[in-house]
Amino acid sequence: MSSALTDLFPHPIVQAPMAGGVSVPKLAAAVCEAGGLGFLAAGYKTADGMYQEIKQLRSLTGRPFGVNVFMPQPEYADPAAVDVYAHQLAGEATWYEAELGDADSGRDDGFEAKLVVLRDNPVPVVSFHFGVPSREVVDALHRVGTFVLAAATTPDEARAVERAGADAVIAQGVEAGGHQGTHRDIPETDGSGLGLLSLIAQVREAVSIPIIAAGGIMRGSQIAGVLAAGASAAQLGTAFLATTESGAHALHKQALTNPLFVRTELTRAFSGRPARGLVNRFLREHGPYAPAAYPEIHHLTAPLRKAAAKAGDAQGMALWAGQGHRMARDLPAGQLVEVLAGELAAARASLTSGGAL
């Protein structure tokens, strides 16, 4: 990775931006202060809401940080399929005494307004999910001194990130928790995503820009593994979801290691886009029938998810988690960075001495 970008964070550890209230300023600040790269998640927030969190984060740390932005989504959802799914969810609405959300609540997540804020009030790093910004957008961010990253789940997507002029690509393996950052949502490819190590190898041969590896990483030895495979840094989400500073609901944190939740699946049940979460009742009952319709389904189910959380019912919540969720550690975020860095150093020393990771 270019030395200018690497110099932003002493440890090759990036805290994934987790939308929905998880990546709060105090979490990002703790990661930054410990030598990692903390991230705010602008997804599902207004431009002003994003700006207020940036100001709060700046009051907590003087270290560099990042902000993640969702790309606007094309209109390809079948309204009839959304209506059918809404009818299927009627029982959930009755059970939780909540109204279904408005599926037509907007598709662009305030993208242009957020870009204006990020150009007028530059931050060190901006990353993009669900697609690639135009070269003009990337150049505009570069002009104000911002490094630009974008997620990719295939070598072709990584090439698109490089063509756009981004400084690095976030290679997201299928192991990752939360939403897959696919550039186009193609239902026929559901479940066919590449594992992280295979993806790193293929992306390394496809592009010349640096790679940040994401997907199921929970230990410093795994960070050492992806660095050895060709990545310049590792991005961890689920590992930080369980930390003290995380804004995740207490039930979500507990579910990561609760023996009731033994596995994860990619599902469209909660948002209409493939996302990996712990298998619970809602996912089992509705996942097979959820249409490819993002963000329509996200808007539709939002009140149900909030009502389930309020009722203390983890079986109705979107419990996003990567495949390594059972390895989650209940630690302060800064301490987790230090532990990961220590594990990484030990793994590297073991490799140097001819031992195993």
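Figured I'd write up the structure that's included with this text. Since this is a predicted model, take the numbers as computed values, not measurements.

## Some words on the pairing of strand E9 (residues 233-236)
- Neither face of E9 is exposed, since Ala233 and Gln235 on one face and Ala234 and Leu236 on the opposite face are all buried.
- Bridge count between strand E1 (residues 13-15) and E9: three bridges; the pairing is parallel. Note that in E9 the partner of Gln15 across the bridge is Leu236.
- Bridging between strand E8 (residues 211-214) and E9 involves three bridges; their strand directions are parallel.

## Some words on the pattern of salt bridges
- Per the stated rule, a full pass over the model turns up eleven salt bridges.
- Across the pair Asp109 and Lys114 runs a salt bridge, and its minimum N-O distance is 2.9 Å.
- Looking at Asp109, the relative accessible area reads 22%, which means it is partly exposed.
- For Lys114, a relative accessible area of 0% gives the class buried.
- With a shortest N-O distance of 3.1 Å, Arg281 and Glu285 are connected by a salt bridge. Highlighted residues: Arg281 and Glu285, both in helix H13 (residues 281-286), separated by four residues, approximately one helical turn.
- Taken together, the salt bridges that share partners define one network made up of Glu92, Arg281 and Glu285.

## Quick notes on unusual backbone geometry
- Omega for the peptide link from Tyr294 to Pro295 comes to 10°, which places this bond in the cis form.
- Within the secondary structure, Pro295 sits in the loop between H13 and helix H14 (296-310).
- Although it is not a glycine, Asp109 sits at a positive phi angle of roughly 55°.
- For Asp109, the location among the structural elements is in the loop between helix H5 (90-96) and helix H6 (111-120).
- Notably, Phe130 is not glycine yet its phi reads approximately 75°, a positive angle.
- As for its position among the elements, Phe130 is in the loop between strand E4 (125-129) and helix H7 (135-143).
- A relative accessible area of 2% means that Phe130 is categorised as buried.

## Observations concerning the sheet that holds strand E11 (residues 275-278)
- Within the open sheet, the three strands sit side by side as E7-E11-E10. Their pairing is antiparallel. Since the sheet does not close on itself, it has two edges, and those belong to strand E7 (178-179) and strand E10 (264-267), each with one partner.
- In the sheet, E7 pairs with E11 via two bridges, with the strands oriented antiparallel. Each bridged residue has a counterpart across the sheet, and for Gly178 the counterpart in E11 is Arg276.

## As for a negative patch on the surface
- Where like charges cluster on the molecular surface, the negative patch consists of Glu75, Asp78, Asp83, Asp102 and Asp104.
- Mapped onto the fold, Asp102 is located in the loop between H5 and H6.
- What makes Asp102 partly exposed here is its relative accessible area of 47%.

## Describing the sheet that holds strand E6 (residues 168-172)
- Taking strand neighbours across the sheet as the criterion, the eight strands line up as E1-E9-E8-E6-E5-E4-E3-E2 in an open arrangement whose pairing is parallel. If you trace the sheet from one side to the other, it starts and ends with E1 and strand E2 (38-41), each paired once. Across this sheet, the average inter-strand angle for adjacent strands is 25°, counted without regard to direction.

## Considerations on the pairing of strand E5 (residues 147-152)
- Across the six residues of E5, six count as buried, placing the element largely inside the fold.
- By the alternation rule, side chains of E5 split into Phe147, Leu149 and Ala151 and Val148, Ala150 and Ala152, which are all buried.
- Handedness of the crossover joining E4 and E5 through H7 is recorded here as right-handed.
- When E5 meets E6, the two strands line up parallel, connected through four bridges. If you follow Ala151 over to E6, its bridge partner there is Ile170.

Reading the values: rules and limits
- Residues numbered from 1 in each chain as written.
- Predicted model: local features only at pLDDT ≥ 70, side-chain atom pairs only at ≥ 80, totals over all residues.
- Heavy atoms only, no water.
- Buried < 20%, exposed > 50% of the residue type's maximum accessible area, 1.4 Å probe, protein only.
- Helix = DSSP H or I, 4+ residues; strand = E, 2+ residues; numbered from the N terminus.
- Pairing = 2+ DSSP bridges.
- Salt bridge = Lys/Arg side-chain N within 4 Å of Asp/Glu carboxyl O.
- Patch = residues over 30% accessible without salt bridge, like charges linked within 9 Å, V, L, I, M, F, W, Y side chains within 5 Å.
- Areas by Shrake-Rupley, 256 points an atom, 1.4 Å probe, with all protein chains shown as cover.
- Lys, Arg positive; Asp, Glu negative; His and termini not counted.
- Charge placed at Lys NZ, Arg CZ, Asp CG, Glu CD.
- Axes fitted to C-alpha atoms, helices over the stretch in contact; angles between N-to-C directions.
- Right-handed = clockwise from strand over helix to strand, strands pointing away.

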